[in-house]
Each structure stands twice: as C-alpha cells, then as structure tokens.
Amino acid sequence: MMATTVSKTSSSSTASNPQDDDIVRPIPTRHDIETGRDPMRVKIFDTTLRDGEQSPGCTMTAEEKVQVARQLSRLGVDIIEAGFPIASPGDFDAVKRIAQTVGNTVNPPIICGLARALHKDIETCWEAVKHAAFPRIHTFIATSDIHMQHKLKKSRAQVLEITREMVTYARSLCEDVEFSAEDALRSDPAFLYEVYSVAVEAGATTLNVPDTVGYTTPSEFKSLIRGLRANVKGIQGVTISVHGHDDLGMAVANFMAAIEGGARQVECTINGIGERAGNAALEEIVMALHVRKSFYNPRFGRTPESELALTNICTTEIYKTSRLVSTLTGMVIQPNKAIVGANAFAHESGIHQDGMLKNKSTYEIMDAESIGLAKNGLVLGKHSGRAAFRSRLTELGYESLTDAELNKAFVRFKEVADKKKEITNLDLESIVNDEMRLEFDAGNFELVRCQVICGDSQVPTATIGLLNKETNEEIIMAATGTGPVDAAYVAVTKALGIDKIKLLEFAVSSVTAGIDALGEVTVRLEDLSTGMIYYGRSANTDVVVAATQAYLSALNRVAVSRGSLPLHPQFGKI
C-alpha cells in the first residue's frame, strides 16, 4: 500500500517553489522496492490498450496488444491497463497473456484490468491479471448527479454502499486496488470526498479522479486535488491519480496542474488516442516534466537544479512507441502533433533556420534524439546482408524480433531495396512495423497479387488475387472503377462478399522524401450493419498495392468482428 506524509513549505517561498501546496512524500510500495523505482516520481499509468482502444476503429488483436504491451514495458511505464477483461473472450485472453508475459519480465510494470463495480466484473478481472507479478484491479462507479440519475438510476446512498462492497471484494482478491469515481469533475465535491473516504476505508490503494468528458480547467483540477487531500479520510495512505479527455483541448494542461496539486499518477495514452477527442498524451506529459524539470522539482521537495528524473520513462523509446501504436491502430499522427508529429522538429522560416544553424537552442527546447528520433541517414542497400540488417534493427530498438519475424522483414527489405536506391531508418521502421502488422492481422485473407490498368483513354481495371489462409485457395477477381484504387477496392469487396461498407477516409503519406519513397496508406471504414469503425494501414513503394492491402486489412477486421461486438465499460447496468 502507498502511504504518504506531507510537509509544509514556507509561505515566503518564491514563485519557483510551492507556496501553500504540501509536498507529497510517499513511502515506497512493494512494486517500487522490488523494481528499484523512485517512489517520489510521477507514476505513468498507460491506458492505450483499454481507453485508447475505444477510439472508433482502433480495435487490436490479442497478438497486437501483447506487442504494444512489450514496447510499453521497454518505454518504462509503471502501470499498463491491459484491457476490460469482461468485455469479450478476446479481451480477457489479451489481458491474461499480457499478465503472463509482460507482467513477469525483468523489472515488470503493474498489469491492471478494468472492472465495473460488479462482482462478476471484478472476479473476471482478477482471473485475467492474477498471473502478473504485480496485478491490479481497477474498479469504478459514477458519482455525478447526472450519471447517477440517468445512467445508474441509483441514489447517493446506494452508490456509497456499492463502493464499499465492491472495493472490499476487490481487495479480498488483490492487494493493489484502484478506485475511480466516474465523472468526478462534474460531481458534488462534498459527495466525492465521502465516496473516496469510503473507498479508502474499504481498502483502495489508489484513488483515480477522472475528467470523463474533458470538462474541467487546470485551476479547477488543481483545486479539486487539493480539496481531496484536505477532506478525504485516510488520503495519506493512497496515491492520487488523474484521468482526463481532451474534449476542450486542455487534457495535458489539466494533468500538469493536478500534479502541482499533489497528484502522483497520471493515466494517459500513446499519441493521446482515446474516445471522442482522445486522452491526455503520455509523450506530452513526460516531456513537459523532463524539459521543465527545474519548474516542477520544488513541488517534489527537490532543488530546481536536481537532475533526478520525475518519471520512470525512457524518453528515447517514445518515438518508436508512437510509431508502433499508430501503425497497429491505423490512427495517423497529425503532422503538427507535439513531440511526435512530423513537423515537431522541422523549421521552414528563414529566421528560424538561421538561428538553428548558429545554435539549436534558439528555437528547439529539446533534441529530436531525446525521444529516439534518429537522424534519417542512408543505412543499408540491396547488397546488405542479413547480419547487417539485424544489427541495424537492433540499433533501432527491434532487438526482440524472433528469427521468423526477422526473416519476413528481411525478405520485405530486399523487395523494397530492389525498387528504392536509398533505404533509411524510417523506411526500416515502416517495413518492420508493416510486417508485424501483417503477421498479426485479423482475418483469413491475404493479398497475393494486384494488377491495375488505367490511363486517360482506358477504363480503370483491377485484377486481384486473395489467398484464403484456411483453405489455401486463391480467389481471383477483376473489376472496373473510377480509378485504379476504386477498381481494386471493388474487386476486393466482391471477392470477400462483404456488403454494407462505407469508406470514410483514404489518406496517403510518404515515409521519406523522394519520388521512390515508401507510401503509407490509411483507410477508415464504417460497417453500416453495426455502426463500428475499422482502420487499415499498409506501406509499399506502389501506392495502389499499399491502398489495396490497407483496405483488405480493414475488411478482414470487419469480417472477424461481425457478430462479436465487445462490451463497453461505460454502458450497462450496475
């Protein structure tokens, strides 16, 4: 259990020091001690695999989730919320596999599962996470009047009793229990203090304060955290956590204010993915604490000059993690996205370029290398061998590839090298991520051939070949369309026999500069029979082939998902 003490700072402190804030001084938890993590840090709770996956179309297979979890562990996150186990058998299996594998590595993260305040949810969650060295059950119930009245249809007294009963039950199974008051920022503060006091008394070790609808402002969040620390009984014995969405564009700012107020765990996602406008972005929070360390250090009882890290994150793993999540979910990163966007370290203005040439610090507050963005130089060619290929991938952080994965990536590398003179680090990352995605791609069909005929005096025609991996039979289909991509899409749709599909988005981008660059294609589809959104993504020097593969990937997911829609954690009766 986390226990904390507080010490008052002088009222005459300068602006760089906390004034009326108490400095949180936690006593190390078992996880802190056994993994050697600084108990004074901000704990990073990553919910990419749970809340992030609730973005429309971002559903990942169990294998893809395990792959992301491994990378999150390398990144150094403290807690991985691996999923909502009762949602579906697939989600349960993914959480269990992550607990068994990633949860038992050297220096493992805590593996957490989400559960509504129901016996069956909590029991199922425990069965999934109990295999980890450090398991956690995260249970929640809504506390705002609007949620209690319209969703739960329960009184305040009933919510208090459910909280006491369900947290007690969760604690009887697991020593580490997190409790969330859903829609906390729109709840009556006095009632919120009462609910959290009951949760602490029942055995909760972490209290999470969710801004469920992205409604609050930084000053309000900071004030609420201070109010909790002053009014919740037993608050000295738990960690205060925050969770928030970006509906008003203030999620990260809200979290930074909450940290100033005494929150010591932040729940965030890679690239800020999540429902509606997304969650607070992990990379933005971590780099804000890293770059502005001298500002935040006094709030942790340190001198402004202290070089001790404020999180356990290995920042050089940020870019690779961002790319992996983007590739597997199909969520394209906007070019001007902070930290990981394509333009984050680009300078076009003449004045900026002149300053950068003289001294990088004139217009850059952090190095691209600090997030693991290596210089995009020529590294390999078509004559490069397998040993050099493996060596370069190891340098890029792909040291855990199996021989089978390496072989597939190497074959793809040779194919690209025959068409492209210069193979860069970004090309290699795209090739490996694309092969990993294909390896774990849902569905039974694989694209084995794609040929198109088009021109200003031709009727665009496409002939495609799909391999049914179950029967090992190839399906050949030809079709015409308004252009080469449309013709290929019509052929694929006919071959699979899937109807009621609407193409919502088609995007093409180049991995690097040059006319022979790899093209990455992302598509977004809506299954009109269910309203669900699906993404597909692929990379190839031939954009039509990449587009066809991306479309097939999305359709494969549609075929697998029809008839097996997962349960959403925020809907259903309690």
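One can find the structure itself at the top, above this paragraph.
Summing up its helical and strand segments, the protein has 18 helices and 18 strands in all. In the protein, which comprises 574 residues, the proportion classed as buried is 55%. For the protein, restricting intrachain contacts to residue pairs at least 6 apart in sequence, the fraction spanning at least 24 positions comes to 68%. When the accessible surface of the protein is split by element, carbon and sulfur atoms take 53% of a total near 23700 Å².

Here Arg323 shows up in helix α12 (residues 318-329). Considered as a pair, Arg323 and Ser430 are 107 residues apart in the sequence and their alpha carbons are 8.5 Å apart. In this structure Arg323 touches Leu426, Glu429, Ser430, Asn433, Glu520 and Arg537, once residues within four positions along its chain are discounted. Here the side chain of Arg323 touches Glu520 through a polar contact of 3.3 Å, side chain to side chain.

A word on the pattern of salt bridges. Counted by the stated rule, this structure contains 33 salt bridges. Between Arg136 and Glu178 there is a salt bridge, with its nearest N and O atoms 2.8 Å apart. In this pair, Arg136 is assigned in strand β6 (residues 135-142) and Glu178 in strand β7 (residues 177-182), connecting sequence segments 42 residues apart. Taking the shortest distance from any N to any O, the salt bridge between Asp247 and Arg276 comes out at 2.7 Å. Placement of Asp247 in the loop between β9 (239-244) and α9 (251-261) and of Arg276 in the loop between β10 (265-268) and α10 (282-291) is noted, with a sequence separation of 29 residues between them. Among the residues examined, Arg276 registers a relative accessible area of 48% and is labelled partly exposed. Ionic contacts of the salt-bridge type, sharing partners, join the residues Asp32, Arg37, Arg41 and Asp78 into one network.

Okay, the sheet that holds strand β18 (residues 532-540) next. Spatial ordering of the open sheet is given by β16-β17-β18, a layout of three strands whose pairing is antiparallel. Single-partner strands in this sheet number two, and they are β16 (501-510) and β18. Shown here is a sheet whose adjacent strand axes are inclined to one another by a mean of 15°, direction ignored. Where β16 lies against strand β17 (residues 519-527), nine bridges are found, and the strand directions are antiparallel. Bridge pairing links Phe506 to Val523 in β17. Packed onto the sheet, helix α18 (residues 543-561) meets β16, β17 and β18 and runs at close to 150° relative to β18.

Taking 1.5 Å of rise per residue, 19 residues should cover 27 Å, and α18 covers 27 Å from first to last C-alpha, within 8% of that figure. The element α18 is extensively covered by neighbouring structure, given that 15 of its 19 residues are classed as buried. Near the N-terminus of α18, the side chain that reaches the backbone nitrogen of Val544, with its oxygen 3.0 Å away, is that of Asp542.

Bringing the nonpolar core into the picture now. Phe179, Tyr196, Leu207 and Val209 are the most contacted members of the largest nonpolar core, which totals 115 residues. If one sorts the elements of this core by residue count, helix α7 (residues 189-202) sits on top with nine residues. Setting aside anything within four residues of it in sequence, one finds Tyr196 in contact with Phe179, Ala181, Ala184, Leu207, Asn208, Val209, Pro210, Leu228 and Val232.

What follows covers the packing of helix α17 (residues 484-496) against α18. Put simply, α17 and α18 touch, their axes get as near as 10 Å, and they point 35° apart. Between α17 and α18 the crossing geometry is right-handed. Between α17 and α18, the residues in contact are Pro484, Val485, Ala488, Tyr489, Val492, Thr493 and Leu496 and Val544, Ala547, Thr548, Tyr551, Leu552 and Leu555, respectively. Of the residues assigned to the contact of α17 with α18, the class counts are 11 nonpolar, two polar and no charged.

A word on the sheet that holds β9. The parallel closed barrel is built from eight strands, whose spatial order is β3-β4-β5-β6-β7-β8-β9-β10. Going across the sheet, the axis of each strand differs from the next one's by a mean of 25°, ignoring polarity. The pairing of strand β8 (residues 206-211) with β9 spans six bridges and is parallel. Across the sheet, the residue bridging to Thr206 is Thr239, located in β9. Across the sheet, α9 touches β8, β9 and β10, and the angle it forms with β9 is around 165°.

Reading the values: the criteria
Residues numbered from 1 in each chain as written. Predicted model: local features only at pLDDT ≥ 70, side-chain atom pairs only at ≥ 80, totals over all residues. Heavy atoms only, no water. Helix = DSSP H or I, 4+ residues; strand = E, 2+ residues; numbered from the N terminus. Buried < 20%, exposed > 50% of the residue type's maximum accessible area, 1.4 Å probe, protein only. Contact = heavy atoms within 4.5 Å. Areas by Shrake-Rupley, 256 points an atom, 1.4 Å probe, with all protein chains shown as cover. Polar contact = N/O pair within 3.5 Å; in protein donor to acceptor, adjacent residues only side chain to side chain. Salt bridge = Lys/Arg side-chain N within 4 Å of Asp/Glu carboxyl O. Pairing = 2+ DSSP bridges. Axes fitted to C-alpha atoms, helices over the stretch in contact; angles between N-to-C directions. Expected span 1.5 Å × (residues − 1). Core = buried A, V, L, I, M, F, W, Y, C linked by side-chain atoms within 4.5 Å. Left-handed = near helix turned anticlockwise from the far one by under 90°. Nonpolar A, V, L, I, M, F, W, Y, C, P; charged D, E, K, R; others polar.

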